[in-house]
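# Overview (structure and organization)
Below are the chains, spelled out letter by letter.
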Amino acid sequence: TENGRHITLKLSASGLSTFLKSPKSYYWRYIVGVEPLMPTTATYDHDKLFGSLWAEFVDRFYKGVAEEENTHVTMAQWMEQTDGWVPDKAKDKLTKALEGLSGNYYQMFSPDDGARAPEKSELWVENERFVGKLDGLSEDGIIHEVKSTSRAQSTSEQLWKVQNSIQVKLYSVLANATGHQIEFAYKDPPNALFRGPVVPVTANQRVLWE
């Protein structure tokens, strides 16, 4: 409650996942609002930063930003935001990955390929109980999620886990999605991009997931 009023917090996919792993962690992070003062590699904050910057890179790609400008902005943010706390070895590896993936993206994909509509990139979606931020949504309702990750032994198993995650199911409900398409940017060499097939989502599935 706040000033005698009952405040309802809307749940995000990360909030749901955190609660299932540890209700205590959920309380401190999402109810109290306690966050670490400084980022640290011990909690993989450098990997989280990499993922955030990569999502922003793809967002600018689909909004028509040219390769040189997009890459320059991404690398400048990476160097600035990792300065002083990421060890050189870890930073050099991820710097090379970010540079390589950025160039490959413009060679492999096109901003008008239909994977996401420019006005539906980095899109907030919500209902009375839940909230989420989609990486992107196509004109025909296909969710486009990009993940920066390390390469797994089985790409199909790695893809299946994301396709069946709380996040993708929740986003499908909130966006009334007709399908989803998952994309991986591999941070370990040889750096590569993988875009999975479109997986249809039915109305019955959305009801079940909600």
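One can find the structure itself at the top, above this paragraph.
A short tour of the structure in this document, coming up. (Residues numbered from 1 in each chain as written. Predicted model: local features only at pLDDT ≥ 70, side-chain atom pairs only at ≥ 80, totals over all residues. Heavy atoms only, no water.)

## Some points on the environment of Gly-196
Topologically, Gly-196 is positioned in the loop between strand E5 (193–195) and strand E6 (199–200). What makes Gly-196 buried here is its relative accessible area of 3%. Through-space distance from the C-alpha of Gly-196 to that of Phe-50 is 21 Å; in sequence the pair is 146 residues apart. Filtering out sequence-adjacent residues up to four positions away, Gly-196 remains in contact with Leu-159, Gln-181 and Ile-182. (Helix = DSSP H or I, 4+ residues; strand = E, 2+ residues; numbered from the N terminus. Buried < 20%, exposed > 50% of the residue type's maximum accessible area, 1.4 Å probe, protein only. Contact = heavy atoms within 4.5 Å.)

## What about the packing of aromatic side chains?
Enumeration over the complete set of coordinates arrives at 14 aromatic pairs. With a centroid separation of 5.9 Å and an interplanar angle of 85°, the aromatic rings of Phe-50 and Trp-78 are classed as edge-to-face. Here the residue Phe-50 occupies a position in helix H3 (residues 45–62), and Trp-78 occupies one in helix H4 (residues 67–82), the gap between them amounting to 28 residues. Assessed through its relative accessible area of 0%, Phe-50 is described here as buried. The exposure class assigned to Trp-78 is buried, which follows from its relative accessible area of 0%. A centroid spacing of 6.2 Å and a plane angle of 25° characterise the contact between Phe-184 and Phe-194, whose relative ring orientation is stacked. With Phe-184 in strand E4 (residues 179–186) and Phe-194 in strand E5, this residue pair connects regions lying 10 residues apart in the sequence. Phe-184 gets classed as buried once you look at its relative accessible area, which sits at 1%. Residue Phe-194 is classed as partly exposed on the basis of its relative accessible area of 28%. Members of the aromatic cluster, each reached through a chain of ring pairs, are Trp-54, Phe-57, Phe-61, Tyr-62, Tyr-105, Tyr-106 and Phe-109. Across the ring face of Tyr-186, the terminal group of Arg-151 is positioned such that the distance to the ring centre comes to 4.7 Å. A cation over an aromatic ring shows up here: Arg-195 above the ring of Phe-109, its NZ or CZ 3.8 Å from the ring centre. (Phe/Tyr/Trp six-rings, centres within 6.5 Å; stacked < 30°, edge-to-face > 60°. Lys NZ or Arg CZ within 6 Å of the ring centre and 35° of its normal.)

## Digging into the side chain of Ser-165
Relative to the assigned elements, Ser-165 resides in the loop between helix H6 (155–163) and helix H7 (166–174). Among the polar contacts listed, one links the side chain of Ser-165 to the backbone oxygen of Val-162, at a separation of 2.7 Å. Here Val-168 takes part through its backbone nitrogen, which lies 3.2 Å from a polar atom of the side chain of Ser-165. (Polar contact = N/O pair within 3.5 Å; in protein donor to acceptor, adjacent residues only side chain to side chain.)

## Considerations on the pattern of salt bridges
Using the criterion set out here, one finds 12 salt bridges in the structure. The residue Arg-195 makes a salt bridge to Asp-113 at a minimum N-O spacing of 3.3 Å. Here the residue Arg-195 occupies a position in strand E5, and Asp-113 occupies one in the loop between helix H5 (88–108) and strand E1 (121–126), the gap between them amounting to 82 residues. The exposure class assigned to Arg-195 is partly exposed, which follows from its relative accessible area of 21%. Since its relative accessible area comes to 34%, Asp-113 is described here as partly exposed. Here Glu-157 ties to Lys-161 by a salt bridge, and the two come within 3.7 Å at their closest N and O atoms. Placement of both Glu-157 and Lys-161 in helix H6 is noted, with a separation of four residues, approximately one turn of the helix. Under the relative-accessibility criterion, Glu-157 is labelled partly exposed at 45%. With a relative accessible area of 52%, Lys-161 lands in the exposed category. (Salt bridge = Lys/Arg side-chain N within 4 Å of Asp/Glu carboxyl O.)

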